[in-house]
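# A look at the structure
One-letter residues, chain by chain:
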Amino acid sequence: MKYKYELYNKLTKRQLEIADCARRGFTDREIANALDLSVFTVKSHLKNVYEKMGVSGRTELAGLPDWHEVKVDKEPLEKYKQWKIEKELSFSPETVAYYEALLAEHVRADNLLGPHLVLNIVHHEAASLLGAVRGTRGAKRLQAVRLASRYEEFLGWLHQDAGRLDLASVHTDRARDLSTELRDPQLTAYLLMRKSNIASDLGDPALALALANAASAQTIYLPRTDRAVILRQKAHALAGLGDAHACADVIAEALEVVADMKPDDAGIASYCTIHYVAMEAAACWLQLDRPQEALSAFMATSRDWPPELHRDYGLYLARCANAHAWVGEVSTACKFAEQAIITIRQTASARIMWELQRLAERLSTWRTRPEVSAVLSAVTILNGSII
């Protein structure tokens, strides 16, 4: 391909700078924003570049040597050179602190108000971080990769809670790919747990168990909250496989891990409190068709839910309603359902909606009762707007 080196001289200044951006991995949108062009203009220039260079597209273009390494007559525009310098220097400690603070606020907003309020914002910020990863080298790169991985994982979670499991898988896989560069066992374990959780929602408990076991292999390195959330997910996978005995053992271990936790015990899964684990234990018992055990677990976490876990409290209410309906306590089920409906109107959580759908099936036997009729009507209306 040596003869192609001379073809750089056939490019205009604009084509040369766009070609250099493209071969370094920048998207059409990033190039357009940097050079004050439209995306259409960038695409048009790239088409001409491919024709002049005799390549089929970005992949072959990326295989050519850096234009600085070959003898060409032109230099990129000063504006583009400055843009590249800014891209390389943009990941300052202040930038890292800014994105970390943003992520903490997004996590808080998600649990208070649901995924839809922050999803588009996080999507934009995650894309910006991916661009920073492409343009960052040296010591700053690992900081960029870590933040990008965390944002992609959170974006996967937002899609999962919004009911978009395909997109949840895409972004969680991207977070996992990014994390391989970090060699961080804590992050690796957490991402394997997240992939396991998505597999459970997709109805694949065997895969969920395999991923949870892979995450458990890292537990020697993990804070207590992270160990507990992995055990919780392993219990869900075992419940999906119908293994009640093993599930009970894992639930007991998870509850032991989170008992008497101190602030220093918190890791990535800071949300994994004693209330959270007890609620998830109850969900496992429901999955195993053992509602009485579920009610006992719910009783252990009926008070003092942390106010910042508003959406998770709504999930707890919906699951409680299911358990009471299962044992024929219809009035109590409806009271819990009414509170869960208030929460889902505030958060638009697909996970709460799925629980309410199951509840509607269980309550259908008593549909003529006024309180049941009101719940069923509300669930029908919500079902059309949430999922």
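Structure shown above.
One structure accompanies this document, and this report is about it. (Residues numbered from 1 in each chain as written. Predicted model: local features only at pLDDT ≥ 70, side-chain atom pairs only at ≥ 80, totals over all residues. Heavy atoms only, no water.)

## Re the overall build of the protein
Counted only if it meets this: We count a stretch as a helix when DSSP gives it H or I for four or more residues in a row; a strand needs E for two or more, and each element gets its number in order from the N terminus. Each residue's exposure class comes from its accessible area (1.4 Å probe, protein chains only) as a fraction of the maximum for that residue type: buried when under 20%, exposed when over 50%, partly exposed otherwise. Residue contacts follow a heavy-atom distance rule, with two residues in contact if any of their heavy atoms lie within 4.5 Å. Only the protein chains shown count as cover for residues, and the accessible areas themselves come from Shrake-Rupley with a 1.4 Å probe.
Across its full length, the protein holds 19 helices and zero strands. Per-residue burial for the protein yields a buried fraction of 51% across its 387 residues. Pairs at least 24 residues apart make up 70% of the contacts formed inside the protein by residues separated by at least 6 positions. Carbon and sulfur atoms form 53% of the exposed surface of the protein, whose accessible area is close to 18200 Å².

## A look at the side chain of Glu152
Along the polypeptide, Glu152 turns up in helix 8 (residues 139-161). A residue is classified by how much of its surface remains accessible, and Glu152, at 2% relative accessible area, is buried. The contacts of Glu152, once residues within four sequence positions are left out, are Ala126, Leu130, His171, Thr172, Arg174, Ala175 and Leu178.

## Considering the pattern of salt bridges
Stated precisely, the cut-off is as follows: By salt bridge we mean one thing: a side-chain nitrogen of Lys or Arg within 4 Å of a carboxyl oxygen of Asp or Glu.
Counting across every chain of the model gives 19 salt bridges. Arg174 is paired through a salt bridge with Glu152; the nearest N and O atoms lie 3.7 Å apart. In this pair, Arg174 sits in helix 9 (residues 165-179) while Glu152 sits in helix 8, placing the two residues 22 residues apart along the sequence. Under the relative-accessibility criterion, Arg174 is labelled partly exposed at 32%. Taking the shortest distance from any N to any O, the salt bridge between Glu371 and Arg369 comes out at 2.9 Å. Exposure remark for Arg369: the relative accessible area of 30% places this residue in the partly exposed category. Members of the salt-bridge network, linked through shared partners, are Asp110, Asp161, Arg311, Asp312 and Arg351.

## What about the state of the cysteines?
We apply this condition: The disulfide definition used here is simple: a pair of cysteine sulfur atoms within 2.5 Å.
Tallied over the full model, the rule gives zero disulfides. No disulfide involves Cys247; its nearest neighbouring cysteine sulfur is the one of Cys284, lying 4.2 Å away.

## Some thoughts on helix 16 (residues 310-326)
Rules: An expected span of 1.5 Å times one less than the residue number is assigned to each helix.
Between its terminal C-alpha atoms helix 16 stretches 25 Å, which fits the 24 Å expected from 17 residues at 1.5 Å a residue. Counting buried positions along helix 16 yields 14 of 17 residues, so the element is predominantly enclosed. Backbone geometry just downstream of helix 16 places Gly328 in the positive-phi region, at approximately 85°.

## As for the packing of helix 7 (residues 116-135) against helix 8
Short version of the rule: Axis lines are fitted to C-alpha atoms, over the contacting stretch for helices. Their N-to-C directions set the angle, which ranges from 0 to 180 degrees. Note that the term roughly parallel is reserved for angles under 35 degrees, roughly antiparallel for angles over 145, roughly perpendicular for angles of 65 to 115, and oblique for everything else. Note: crossing handedness is left-handed where the near helix turns anticlockwise from the far helix by less than a right angle, and right-handed where it turns clockwise. Asp, Glu, Lys and Arg are counted as charged, while Ala, Val, Leu, Ile, Met, Phe, Trp, Tyr, Cys and Pro are counted as nonpolar; the rest, among them Gly, fall into the polar class.
For the pair helix 7 and helix 8, interaxial distance at closest approach is 9 Å and the crossing angle is 155°. Considering the angle they form, helix 7 stands roughly antiparallel to helix 8. Considering only the axes of helix 7 and helix 8, their crossing is left-handed. Contact residues: helix 7 offers Val118, Leu119, Val122, His123, Glu125, Ala126, Leu129, Leu130 and Val133, while helix 8 offers Arg141, Ala144, Val145, Leu147, Ala148, Tyr151, Glu152, Phe154, Leu155, Leu158 and His159. Residue composition of the contact of helix 7 with helix 8, by class: 15 nonpolar, two polar and three charged.

## A short note on a negative patch on the surface
Counted only if it meets this: What makes a patch is a set of residues exposed beyond 30% relative accessible area and free of salt bridges, joined within 9 Å when like-charged and within 5 Å when nonpolar (Val, Leu, Ile, Met, Phe, Trp, Tyr). This count recognises Lys and Arg as positive and Asp and Glu as negative, with His and chain-terminal groups excluded. Lysine's charge is taken at NZ, arginine's at CZ, aspartate's at CG and glutamate's at CD.
On the surface, a cluster of negative charge is made up of Asp243, Asp249, Glu253 and Glu256. Relative to the helices and strands, Glu256 resides in helix 13 (residues 244-258).

## With respect to the environment of Glu181
Examined against the element boundaries, Glu181 turns out to sit in the loop between helix 9 and helix 10 (185-201). Separated by 39 residues in sequence, Glu181 and Leu142 place their C-alpha atoms 7.8 Å apart. Beyond its immediate sequence surroundings of up to four residues, Glu181 is in contact with Arg141, Leu142 and Val145.

## Digging into the packing of aromatic side chains
We apply this condition: Side-chain rings of Phe, Tyr and Trp, where Trp is taken by its six-membered ring, are said to pair if the distance between their centres is within 6.5 Å; with planes under 30 degrees apart they count as stacked, over 60 as edge-to-face, and otherwise as tilted. We call a charge positioned above a ring when the Lys NZ or Arg CZ atom is no farther than 6 Å from the ring centre and deviates by at most 35 degrees from the ring normal.
In total, this model carries five aromatic pairs according to the counting rule given. Consider the rings of Tyr313 and Tyr316, whose centres lie 5.6 Å apart with planes at 25°: the pair is stacked. You can see Tyr313 and its partner Tyr316 sitting in helix 16, three residues apart, about one turn around the helix. Judged by relative accessible area, which is 26%, Tyr313 ranks as partly exposed. Among the residues examined, Tyr316 registers a relative accessible area of 3% and is labelled buried. Grouping aromatic residues by their ring pairs yields a cluster made of Tyr98, Tyr99 and Tyr151. Against the face of Trp326 rests Arg362, its NZ or CZ located 3.9 Å from the ring centre.

## Structural notes on the nonpolar core
Rule in force here: In this text, buried Ala, Val, Leu, Ile, Met, Phe, Trp, Tyr and Cys residues form a nonpolar core when linked through side-chain atoms within 4.5 Å.
If you look at the biggest cluster of nonpolar residues, it comprises 70 residues, and the most contacted ones within it are Phe298, Leu356 and Leu363. Apart from the residues within four sequence positions on either side, Leu356 is in contact with Ala318, Ala340, Ile341, Ile344 and Val379. Counting 27 residues, the second-largest nonpolar core is a separate cluster that includes Ala126, Tyr151, Ala162 and Ala175.

## So, the packing of helix 1 (residues 13-23) against helix 3 (residues 39-53)
Packing of helix 1 against helix 3 leaves a shortest axis separation of 9 Å and a crossing angle of 90°. The orientation of helix 1 relative to helix 3 falls into the category roughly perpendicular. In this structure, helix 1 contributes Arg14, Gln15, Ile18, Ala19 and Ala22 to the contact, and helix 3 contributes Val42, His45, Leu46, Asn48, Val49 and Lys52. Classifying every residue of the contact of helix 1 with helix 3 by side-chain character gives six nonpolar, three polar and two charged.

## Quick word on the side chain of Asn111
Definition in use: In protein, a polar contact requires one atom able to donate a hydrogen and another able to accept it; more generally it is a pair of N or O atoms within 3.5 Å, and residues adjacent in sequence count only if both atoms are side-chain atoms.
Residue position: Asn111 is located in helix 6 (residues 93-113). A distance of 3.4 Å separates a polar atom in the side chain of Asn111 from the backbone nitrogen of His310. Sequence-distant contacts of Asn111, defined by excluding residues within four places in its chain, comprise Glu308, Leu309, His310, Arg311 and Asp312.

## Remarks on the environment of Val277
By secondary structure assignment, the location of Val277 is in helix 14 (residues 274-287). Between the C-alpha atom of Val277 and that of Val257, which follows or precedes it by 20 residues, the distance is 9.9 Å. Those residues in contact with Val277 that lie beyond four places of it in its chain are Ala228, Ala254, Leu255, Val258 and Cys272.

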